[in-house]
Amino acid sequence: MIPYSVGIGWRPEICGFVAALPGLRFVEVIAESLTAHGPLPPALVALRQRGMAVIPHGVQLSLGGADPVAPSRVAHLARLAERLSAPLVSEHIAFVRAGGVEAGHLLPLPRTREAVDAVVANVRRTQAELPVPLALEPIAALFDWPDDELDEAQFLTEILDRTEALLLLDLANIYANARNRGNDPVDLLDRLPLDRIAYVHVAGGIEHDGIYHDTHTDPLPPAVLELVAELCIRHRPPALLLERDGNYPPAPVLRAELDAIAAAAGYPTIT
Amino acid sequence: MSRDLAARQADLVAALVADAPVPAGFDPLRVEAARAALLRKRAGGVLRHWPLLAAGLGDVWLSTFTEWARTRPPPGPLRDGWDLARSLAAAGTLPALAAEELAVREAGWRYDGVGEPRRRRLPALQRGGGAIVLQVAGRVHLLRRPR
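Reading the values: the criteria
- Counting of residues starts from 1 at the beginning of each chain's written sequence and follows it residue by residue.
- Note on labels: chains are lettered from A, ligands numbered from 1, in written order.
- In keeping with the model being predicted, local features are shown solely for residues with a pLDDT of at least 70 and side-chain atom pairs are shown and tallied solely at 80 or more, while totals for entire chains, interfaces and linings include all residues.
- Comment: elements are numbered from the N terminus, with helices defined as DSSP H or I runs of at least four residues and strands as E runs of at least two.
- Each radius of gyration reported is based on C-alpha atoms, and the globular scaling rule is 2.2 Å times the count of residues to the power 0.38.
- To estimate how far a helix should extend, the number of its residues minus one is multiplied by 1.5 Å.
- Residues are defined as contacting one another if the C-beta atoms placed from their backbone atoms lie within 7 Å.
- Labels follow a simple rule on C-beta atoms placed from the backbone: if 20 or more others lie within 10 Å of a residue's own, it is buried; if 12 or fewer, it is exposed; otherwise it is partly exposed.
- Two strands are said to pair when DSSP picks up at least two bridges between them.
- Convention adopted: a line fitted to C-alpha atoms gives each axis, helices being fitted over their contacting stretch, and angles between N-to-C directions are expressed from 0 to 180 degrees.
- For classification purposes, an angle smaller than 35 degrees is called roughly parallel, one larger than 145 roughly antiparallel, one from 65 to 115 roughly perpendicular, and anything else oblique.
- Handedness of a crossing follows from how the near helix is turned relative to the far one, being left-handed for an anticlockwise turn of less than a right angle and right-handed for a clockwise one.
- Put simply, Ala, Val, Leu, Ile, Met, Phe, Trp, Tyr, Cys and Pro go in the nonpolar bin, Asp, Glu, Lys and Arg in the charged bin, and everything else, Gly too, in the polar bin.
- We define the nonpolar core as any set of buried residues of the types Ala, Val, Leu, Ile, Met, Phe, Trp, Tyr and Cys, connected via C-beta atoms lying within 7 Å of each other.
- Every residue gets a pLDDT, meaning the predictor's confidence in that residue, from 0 to 100.

A. Structural detail: the overall build of chain B. A count of helices and strands for chain B gives 6 helices and 5 strands. In sequence order, chain B lays out its α and β elements as α-α-α-α-α-α-β-β-β-β-β. Scaling as 2.2 N^0.38, a compact globule of 147 residues should have a C-alpha radius of gyration of about 15 Å, whereas chain B reaches 19 Å, well beyond that. C-alpha extents for chain B along the principal axes are approximately 65 × 35 × 25 Å.

Printed below as a string of structure tokens:
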């Protein structure tokens, strides 16, 4: 599986920074940014040759779509997992298109039995083709549907139980949702199956007009680091990964965020 | 019984990216916040793929893009910027820097405005922003008149 450590999302813009991290043992790469059959980015191939674990992270499969997942998208993930000898693949509990129109972002599902059935069917279709386990990531939602039948913990636990998928727990998403819904993020940690965690995402965000946005382009808030510590009191996850998707800060700032995550979790620093 | 999930998801996506009404029961302020966030994220993607389009428009880049994009579902950042650049070129308001960037793309790729752009196999000549762009065997040559 994944080595016990802190990792970072590999992006072309910061590939030099990532390659120079002396203690780094795993990265994640956006699956749709790679070709399944053409050449892989040389900087990523170099990391693989150093024995780095590389996890393909899908963002466009639309596991929560009412329609079946596209077989070509599942095949893409499966092929990347093979080429990268990935320990697992991850995707989101979300939908990204409907009625033939792309939303361009991860959208929340109604927390209904009908939606659980749709996700479970798509996860099973995907698992049937993947050569490695699948980890599912709950998303940050700026709004909820009007007719939820289940709360967040029930919704997620039911999907995980029925699919036997692993959990990719994004603490920044948990923080964003709790802040925007006005509830306590720790309550959710107490009700999720933490033993199913494959790894954890940590990222920054910013508030606009009273709503917290999980942007991955802003600094890591102290409250998210506190959630790292709260999680580790309950269950120490196998690995934690910093996601940064743009507006890249100077290297010392990014290193300081990686160090802060390691310190909050009690892991060795990788910088 | 509510409408089925597929139809309700389609209604929500249309509200977020195609200027359709917010479906009943949703918090309109929150959906509007999500719509605005999607446009910001989308603009960021176009900025990465079309840096000279954004630079050429300068202060009005974000407002120009969001006004243009709010009724158009996102086709991905490459086509998004391409479509906007062509529409500005047709209106005669594409800045010279951006016109060169567009000419380079038009010389190297064939794009029908509907599907994914494909690399040209044959040589192509394009004009834009006071430059002439010549593409031969995948290599792009930019010939600029002295200004």
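B. Examining helix 2 (residues 28-49) of chain B more closely. Taking 1.5 Å per residue, 22 residues should reach 32 Å; helix 2 of chain B reaches 32 Å between its end C-alpha atoms and fits that length. Its buried side turned inward, helix 2 of chain B meets strand 6 (101-107) of chain A together with helix 1 (5-17), helix 4 (61-69) and helix 5 (77-91) of chain B.

C. Region of interest: the pairing of strand 4 (residues 89-93) of chain A. Residues and elements named next belong to chain A. Buried residues dominate strand 4, accounting for 5 of its 5 residues. Strand direction decides the pairing type here: strand 4 and strand 7 (residues 134-138), joined by 5 bridges, are parallel. Within strand 7, the position partnered with His-92 by the bridge is Glu-137.

D. Broad picture of the packing of helix 8 (residues 222-234) of chain A against helix 9 (residues 251-265) of chain A. Residue and element names in this part refer to chain A. Where helix 8 meets helix 9, the axes come as close as 8 Å, and the angle between the chain directions of the two elements is 30°. Relative to helix 9, the element helix 8 is oriented roughly parallel. In this structure, the crossing between helix 8 and helix 9 has a hand that is right-handed. On the side of helix 8, the interface is formed by Leu-225, Val-228, Ala-229 and Cys-232, while helix 9 contributes Ala-260, Ile-261, Ala-264 and Ala-265. When the residues that make up the contact of helix 8 with helix 9 are grouped by side-chain class, the tally is 8 nonpolar, no polar and no charged.

E. Main features of the nonpolar core. By size, the foremost hydrophobic cluster in this structure holds 114 residues, and its most contacted members are Leu-136, Leu-171, Val-202, Val-228 and Leu-240 of chain A. Leaving out residues up to four positions away in the same chain, Leu-171 of chain A has contacts with Val-200, His-201, Val-202, Val-224, Leu-227, Val-228 and Leu-231 of chain A.

F. Summary view of the interface of chain B and chain A. Facing 26 residues of chain B, the contacting portion of chain A comprises 24 residues. Of all elements in the fold, only helix 1 and helix 2 of chain B reach the threshold of two or more residues within the side of chain B that touches chain A. Classifying every residue of the side of chain B that touches chain A by side-chain character gives 17 nonpolar, 4 polar and 5 charged.

G. Spotlight on the confidence of the model for chain B. All names here are of chain B. Of the residues in chain B, 97% have a pLDDT of 70 or more, and the chain-wide mean is 91. Confidence scores differ between elements of chain B, with strand 5 (residues 139-144) showing the lowest mean pLDDT of 81 and helix 1 the highest of 97. Interface predicted TM-score (ipTM) for the complex: 0.94; the corresponding pTM is 0.92.

H. Representation of unusual backbone geometry within the structure. Here the phi dihedral of Glu-164 of chain A falls at roughly 55°; this positive angle occurs in a residue that is not glycine. With respect to the helices, strands and loops of the structure, Glu-164 of chain A is situated in the loop between helix 5 (152-163) and strand 8 (166-170). Of note in this structure, Asp-19 of chain B is not a glycine but carries a positive phi near 65°. Note on placement: Asp-19 of chain B falls in the loop between helix 1 and helix 2.

I. Quick peek at the sheet that holds strand 3 (residues 124-128) of chain B. All names here are of chain B. The antiparallel open sheet is built from 3 strands, whose spatial order is 3-4-5. The open sheet has two edge strands with one neighbour each: strand 3 and strand 5. Neighbouring strand axes in the sheet, compared pairwise and without regard to direction, differ in orientation by 20° on average. As defined by bridge partners, strand 4 (residues 131-136) adjoins strand 5 across 6 bridges and the pair is classed as antiparallel. When the bridges of strand 5 are listed, Val-136 appears paired with Arg-139. Helix 6 (residues 96-108) contacts strand 3, strand 4 and strand 5 of the sheet and is inclined by roughly 165° relative to strand 3.

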